[in-house]
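# Topology and contacts: notes
So the chains spell out like this:
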Amino acid sequence: MEYCRLAEALTARAGLAGNVEFRAANALDLPFGDGEFDRVWTQHVAMNIADRPRLYREIARVLKPGGKLALYDAVAIPGGRSRCFRCHWARDPSTSFLLDADATRAVLESSGFTVRVWRDVAPEARQWFAALRPPAPPPKLGLHLLLGRISGHVREFRPQRHRRPRRPLLMAVCEKT
């Protein structure tokens, strides 16, 4: 509920309060009818949900035929460990459920989606995080409100001196078939 209150306050500041509604809900059991939406957007959500097939089937259910799902999420390193903890999104394994990009695509396609756009945008994220210079003290409004301390997030995507690959960051647009 706190995220909803913050979203409402930010939306009001942007002059869009009458155009947007925010609800807290279970992503695996959405309180909406079949085919209610033209578009669904998720950003850094799926990595916290163990039952990925159910998540994407539920999103497909609430989308109209031809509706679009846009997602932006961290994925597991191919051949690497699927769980990440002590990351910005998970302090222990109970809240981190990464799939690699191939497994993510397979689950999306088996859930009723056709992939239209598929990109690893980690290189762009690395550039963005490399340019971050946190001011002291932090501003009243900024990324830290959503991520808390962003050092873990920066660590996940910043360039490495070692040859070990860093976490891929997936951007995809899928169409409900």
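These remarks concern the structure in this document.

### Quick word on helix α1 (residues 2-13)
One turn of an α-helix holds 3.6 residues; hence residues three or four places apart share an orientation. Here α1 spans 17 Å end to end across twelve residues, near enough to the 16 Å set by a 1.5 Å rise per residue. Among the residues of α1, C4, A7 and T11 are the ones counted as buried. Burial along α1 is one-sided: seen end-on, the buried residues are contained in an arc of 60 degrees. Along α1, the residues that are exposed and aim more than 90 degrees away from the buried face are E2 and R13. G15 sits one or two positions beyond α1 and adopts a positive phi of about 75 degrees.

### A closer look at unusual backbone geometry
Most peptide bonds adopt trans geometry, and most residues besides glycine take a negative phi value. Even without glycine at this site, H44 takes up a positive phi of about 55 degrees. By relative accessible area, H44 is classed as partly exposed at 21%.

### Details of helix α3 (residues 101-110)
Where α3 is concerned, the buried positions are T104, V107 and L108. Down the axis of α3, the sector holding all buried residues measures 100 degrees, keeping them to one side. Seen from the buried face of α3, the exposed residues on the opposite side, beyond 90 degrees, are D102 and S110. Packed against the buried residues of α3 are α2 (52-62), β2 (63-74), β3 (113-120) and β4 (169-176).

### Points about the packing of aromatic side chains
Applying the stated criterion across every chain yields a total of one aromatic pair. Aromatic side chains F32 and F37 sit 5.0 Å apart centroid to centroid with 90 degrees between the ring planes, which places their arrangement in the edge-to-face category. Exposure remark for F32: the relative accessible area of 21% places this residue in the partly exposed category. Given the relative accessible area of 29%, F37 is considered partly exposed.

Conventions adopted
- Residues numbered from 1 in each chain as written.
- Predicted model: local features only at pLDDT ≥ 70, side-chain atom pairs only at ≥ 80, totals over all residues.
- Heavy atoms only, no water.
- Helix = DSSP H or I, 4+ residues; strand = E, 2+ residues; numbered from the N terminus.
- Expected span 1.5 Å × (residues − 1).
- Buried < 20%, exposed > 50% of the residue type's maximum accessible area, 1.4 Å probe, protein only.
- Arc of directions from axis to C-beta.
- Contact = heavy atoms within 4.5 Å.
- Phe/Tyr/Trp six-rings, centres within 6.5 Å; stacked < 30°, edge-to-face > 60°.

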